[in-house]
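What follows is the residue order along each chain.
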Amino acid sequence: MSIWYPYQQMKHLPEPHKIINAEGMYLYTEDNKMIDSISSWWCMIHGYKHPVLNAAIKEQTDKFAHVMLAGLTHEPVQKLAAKLEEWLPGDLNHCFFSDSGSVAVEVSLKIALQYYLNRGETNRTMVMSLTNAYHGDTFKAMEVSDDEDYHFVMKAYGPSKNVVHVPTNVPALEEAFVKYHAQLNAFIVEPLLQGAGGMLMYDISYLKRARELCDQYDVLLIFDEVATGFGRTGNRFVADLVQPDILVLGKGLTGGYIGHAVTVASDRVYAGFYDDNPNHALMHGPTFMGNALACSVALKSIQLFDEEHYLDKIHHIEAITKREMAGFSDPRVKEVRIMGGCMCIEVYDPATLEGFKEFAYKHGVFSRPFSKYMYTMVPYIIQEPGLVHIYDTMKLWFKKH
Ligand SMILES: *Cc1c(COP(=O)(O)O)cnc(C)c1O
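The rules behind each value
- Residues numbered from 1 in each chain as written.
- Predicted model: local features only at pLDDT ≥ 70, side-chain atom pairs only at ≥ 80, totals over all residues.
- Heavy atoms only, no water.
- Axes fitted to C-alpha atoms, helices over the stretch in contact; angles between N-to-C directions.
- Helix = DSSP H or I, 4+ residues; strand = E, 2+ residues; numbered from the N terminus.
- Parallel < 35°, antiparallel > 145°, perpendicular 65-115°, else oblique.
- Left-handed = near helix turned anticlockwise from the far one by under 90°.
- Contact = heavy atoms within 4.5 Å.
- Nonpolar A, V, L, I, M, F, W, Y, C, P; charged D, E, K, R; others polar.
- Near = heavy atom within 4 Å.
- Polar contact = N/O pair within 3.5 Å; in protein donor to acceptor, adjacent residues only side chain to side chain.
- Areas by Shrake-Rupley, 256 points an atom, 1.4 Å probe, with all protein chains shown as cover.
- Pairing = 2+ DSSP bridges.
- Expected span 1.5 Å × (residues − 1).
- Salt bridge = Lys/Arg side-chain N within 4 Å of Asp/Glu carboxyl O.
- Buried < 20%, exposed > 50% of the residue type's maximum accessible area, 1.4 Å probe, protein only.

The geometry of helix α7 (residues 170-180) relative to helix α8 (residues 204-217) is characterised by a closest axis approach of 10 Å and an angle of 15° between their N-to-C directions. Viewed along their axes, α7 and α8 adopt a mutual orientation that is roughly parallel. Where α7 crosses over α8, the two elements pack in a sense that is right-handed. Mapping the contact onto sequence places Val170, Leu173, Glu174, Phe177 and Val178 in α7 and Tyr206, Arg209, Ala210, Leu213, Cys214 and Tyr217 in α8. Here the contact of α7 with α8 is built from residues that sort into 9 nonpolar, no polar and 2 charged.

Here you go:
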């Protein structure tokens, strides 16, 4: 075996299902067809093999697949930046592209640190983040995250001097700001929905208060919407409700076609770099930033999102989900959480979910529960029968086991 698979003790690796085709909400193996209930790690928002996205990428491939973005530029990246500038709320106008969500998070944290250094404030070296946060698997992203299931290796360094975690309750947040504000450059959050930390959901009032506190103490507010962006919470972006200073997008950006991400800065943040001093420049440049295939497909993905009224589709998904889960209960279940295009059944004991993945496979559903969480992050093109089938399969598991 030469492939080193993710999040997995390779010695105990169960045989992965080999996919030979994928279309719409379905994944195909040699002898099975299954609904992808988690959109390939939450990114395939339009499902597979979308004709419009396929056409966009083929057309660009025939022109050129990639050119570097230093000293060169091209139409797909210019068009995507212009679209994002117009489409994103408020003055989130300045797009720095990169190849993955983790890197885009790194860039956001580097911008926040340097923003204050450029002003000569050398004491603002700390970042505040949430308990149970997940911001990616690169090192600074791991440091601001708070999830030992993914990042226990970080324990080798001991407690971080550069990061403080706060829970999602307002009094604790206010207290942390009073205590740490002079050292903080940024407060980074997964807004409303914490994904890999366990599909934890919290109220918008927390983010409104965070915005006020960041303004009061001159701390930058970063929204990591790598998972929540493009409709997942039932909002286009949570940034439409509360505006951050820096917004990070990934996963759904390209409709799941190619790894690409963007860190978007407000006018004020951008102005903190824009002057005559060469040392105030942002010294960062991923090889594949602004990749032409990624930008072409991202543009079309955004167009589909608007023209085909995806927010209506997502609200419909949420309504069906609430209806289908309404009567469900089981003594082993701690809580059922629903928000937009996400549903999570949290159990008390991870052992309750052992074997579900194979059970779902046999019932024509691809699912990948982790820890205490059985969840869905469906592609938005899913129709009612597909959704109902996923929830029936989940309910059947609790009935039969
Ligand atoms: C997935 C995820 C990331 C990391 O994105 P990658 O493209 O896997 O590097 C960062 N933040 C959040 C909230 C995520 O869900």
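Still to come is the rest of the account.
Every residue near the ligand is listed here: Trp42, Ser100, Gly101, Ser102, Tyr134, His135, Gly136, Glu190, Asp224, Val226, Ala227 and Lys251. Glycine 101 places a polar main-chain atom, nitrogen or oxygen, 2.8 Å from an oxygen atom of the ligand. Lysine 251 places a side-chain nitrogen or oxygen 2.6 Å from an oxygen atom of the ligand. For the ligand, the protein covers 82% of the area, taking 380 Å² as the surface of the free molecule. For the shell around the ligand, the class distribution of residues is 4 nonpolar, 5 polar and 3 charged.

Here we come to the sheet that holds strand β11 (residues 246-249). Pairing in this open sheet of 7 strands is mixed, and the strands run β4-β12-β11-β10-β7-β5-β6 from one edge to the other. The outermost strands of the open sheet, each flanked by one partner alone, are β4 (92-98) and β6 (163-166). Looking at each pair of strands side by side, their axes are set apart by 20° on average, direction ignored. Here 4 bridges tie β11 to strand β12 (residues 261-266), and the two strands are oriented antiparallel to one another. Considered in β12, the bridge of leucine 247 is made with valine 264.

A word on α8. An ideal rise of 1.5 Å per residue puts 20 Å on 14 residues; α8 measures up with 20 Å between its terminal C-alpha atoms. Buried residues in α8 make contact with β5 (126-130), β6, α7, β7 (184-189), β10 (220-224) and α9 (267-271). Aspartate 218, located one to two residues past α8, shows a positive phi value of around 55°.

Next up on the list: the pairing of strand β3 (residues 33-36). The sheet contact formed by strand β2 (residues 26-28) and β3 spans 3 bridges and is antiparallel. Its bridge partner being in β3, tyrosine 28 is matched across the sheet by lysine 33. As paired elements, β3 and strand β15 (residues 365-366) share 2 bridges and run parallel to each other. Counterpart to isoleucine 35 in the pairing with β15 is valine 365.

Moving on: the pattern of salt bridges. Across all of its chains, the model carries 24 salt bridges by this definition. Note that aspartate 240 and arginine 236 form a salt bridge whose closest N and O atoms lie 2.8 Å from each other. Judged by its relative accessible area of 31%, aspartate 240 is partly exposed. The exposure class of arginine 236 is buried, given its relative accessible area of 17%.

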